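Remarks on the overall topology
Here are the chains, one letter per residue:
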Amino acid sequence: MKNEQKGILYAFGAYGIWGLFPLYWRLLDQVDSMEILLSRVIWSFVFTTVFILILKHKNLLIEDLKTIWKNKKVFLALLAASFAISCNWFIYIFAVNNGHVIETSLGYYINPLITVVFGMLFFKERLSKMQLVAVIVAFIGVIVLTVSYGNIPWVAMLLAFSFATYGALKKKITLDATRGLAIETLFILPFALIYYIYIMSTNQMSFLHVSWQTDILLILAGVVTAIPLVLFSKGAKLLPQYLIGFIQYITPTTLLIFGIVLYHETFSTIEFISFSFIWLAILIFTVSTIVESRKRHNIEHKVANIEI
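Below you will find a few notes about this structure. (Residues numbered from 1 in each chain as written. Predicted model: local features only at pLDDT ≥ 70, side-chain atom pairs only at ≥ 80, totals over all residues. Heavy atoms only, no water.)

Considerations on the overall build of the protein chain
- Counting its secondary structure elements, the protein chain contains 12 helices and 0 strands.
- Start at the N end of the protein chain and walk to the C end: the helices and strands fall as α-α-α-α-α-α-α-α-α-α-α-α.
- Against the 2.2 N^0.38 benchmark of 19 Å for 308 residues, the protein chain shows a C-alpha radius of gyration of 20 Å, consistent with a compact globule.
- Buried positions account for 47% of the 308 residues belonging to the protein chain.
- Contacts in the protein chain between residues far apart in sequence, at least 24 positions, make up 86% of those at least 6 positions apart.
- The average position of the 23 basic charges and that of the 16 acidic charges among the side chains of the protein chain differ by 12 Å. (Helix = DSSP H or I, 4+ residues; strand = E, 2+ residues; numbered from the N terminus. Rg over C-alpha atoms; globule rule 2.2 N^0.38 Å. Buried < 20%, exposed > 50% of the residue type's maximum accessible area, 1.4 Å probe, protein only. Contact = heavy atoms within 4.5 Å. Lys, Arg positive; Asp, Glu negative; His and termini not counted. Charge placed at Lys NZ, Arg CZ, Asp CG, Glu CD.)

Structure, rendered in structure tokens:
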């Protein structure tokens, strides 16, 4: 199997699993969203660490930690990334379990466009005219929804900005997917443990207090959230950015279908109009990105032929 084919499988696996998460979180709707997040952090760290030990990569993990500790910029960037992704997970879990699945869909539709804007602002990346048009069209869609709601769609915007922040912070950090995930969760682990102890003291903890099924689901939350992150990391290394950008719309599309069909959330005419602007922006952005990518490929090919 070619690398690109493997990359496509990894990417489809990652975004497919992310899209199915509402089914999982709804099984835990009796548990407080913060406890689900804490369980995700703790058990994700446990399982990724055990996996690293099984692979006999303990020394590589120690070397990664030493390298990160010596480079304060990388250390602070990874620490901030850990908090950003934790905020993203909390908002996602809270939204799904409180009837905002469609708004999470909007957030993940917007996210790639926010990522592009971040690239322009923080990494001096240049946008083509059509990509800039796509961002403006998407912004109009958000304004339509904001005027309709009477307030900003905070769930969608926070999801989009937190994940875009996570991506920007990790852009220049090169770590193995599994070891990187273990280190990310290690950074947030002390806070998770302290808060878990607090929950225990208030007698509001669900773990070991509801049912064995709930306990298993909380433990497995660490596994089911770790798997797509590892798959995504592997896929991103094997695929061009435009292809990853196209495949990622599996997640919000699945969320939107779940919100309307499975959970019977309201999807009014105004929301349809707003989403239509977002879909148009995605179409413009995707076509523009593919065209730009092909132009770069043709130029590189001509340069290579000239050098030969």
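There's plenty left to go through after this.
Some remarks on unusual backbone geometry
- Residue Lys56 is not a glycine yet carries a positive backbone phi of 60°.
- On the secondary structure map, Lys56 appears in the loop between helix H2 (33-54) and helix H3 (58-70).
- Assessed through its relative accessible area of 74%, Lys56 is described here as exposed.
- Even without glycine at this site, His264 takes up a positive phi of about 55°.
- Counting through the fold element by element, His264 comes out in the loop between helix H11 (250-262) and helix H12 (269-307).

Structural notes on the packing of aromatic side chains
- One pass over the full model with this rule turns up 27 aromatic pairs.
- Ring centres of Tyr109 and Phe275 lie 6.1 Å apart, and the angle between their planes is 85°; on these two criteria the pair is classed as edge-to-face. Of this pair, Tyr109 sits in helix H5 (residues 101-122) while Phe275 is found in helix H12, placing the two residues 166 residues apart along the sequence. Phe275 matches Tyr109 in its accessibility class, with the two residues each being buried.
- On the basis of an interplanar angle of 45° and a centroid distance of 5.9 Å, the ring pair of Phe163 and Tyr166 is categorised as tilted. (Phe/Tyr/Trp six-rings, centres within 6.5 Å; stacked < 30°, edge-to-face > 60°.)

Examining the packing of helix H4 (residues 72-96) against helix H7 (residues 154-170)
- At a closest axis distance of 8 Å, the pairing of H4 and H7 adopts a crossing angle of 155°. Taken together, the axes of H4 and H7 are roughly antiparallel relative to one another. As H4 packs across H7, the resulting crossing turns out to be left-handed. Where H4 approaches H7, its residues Ala77, Leu78, Ala80, Ala81, Ala84, Ile85, Asn88, Ile91, Tyr92 and Ala95 are matched on the opposing element by Val155, Leu158, Leu159, Ser162, Phe163, Thr165, Tyr166, Leu169 and Lys170. (Axes fitted to C-alpha atoms, helices over the stretch in contact; angles between N-to-C directions. Parallel < 35°, antiparallel > 145°, perpendicular 65-115°, else oblique. Left-handed = near helix turned anticlockwise from the far one by under 90°.)

Overview of the nonpolar core
- Residues Trp18, Trp25, Leu28, Ile36, Trp89 and Tyr92 are the most contacted members of the largest nonpolar core, which totals 53 residues.
- Element by element, the count of residues in this core is highest for H4, at 9 residues.
- The next biggest cluster of nonpolar side chains, apart from the first, holds 26 residues, and it includes Leu113, Ile114, Val137 and Ala160. (Core = buried A, V, L, I, M, F, W, Y, C linked by side-chain atoms within 4.5 Å.)

Thoughts on the pattern of salt bridges
- Applying the stated rule across the entire model yields 1 salt bridge.
- A salt bridge links Asp64 to Arg179, with the shortest nitrogen-to-oxygen separation between them at 2.5 Å. Here the residue Asp64 occupies a position in helix H3, and Arg179 occupies one in helix H8 (residues 177-201), the gap between them amounting to 115 residues. You'll find Asp64 and Arg179 in the same group, each marked buried. (Salt bridge = Lys/Arg side-chain N within 4 Å of Asp/Glu carboxyl O.)

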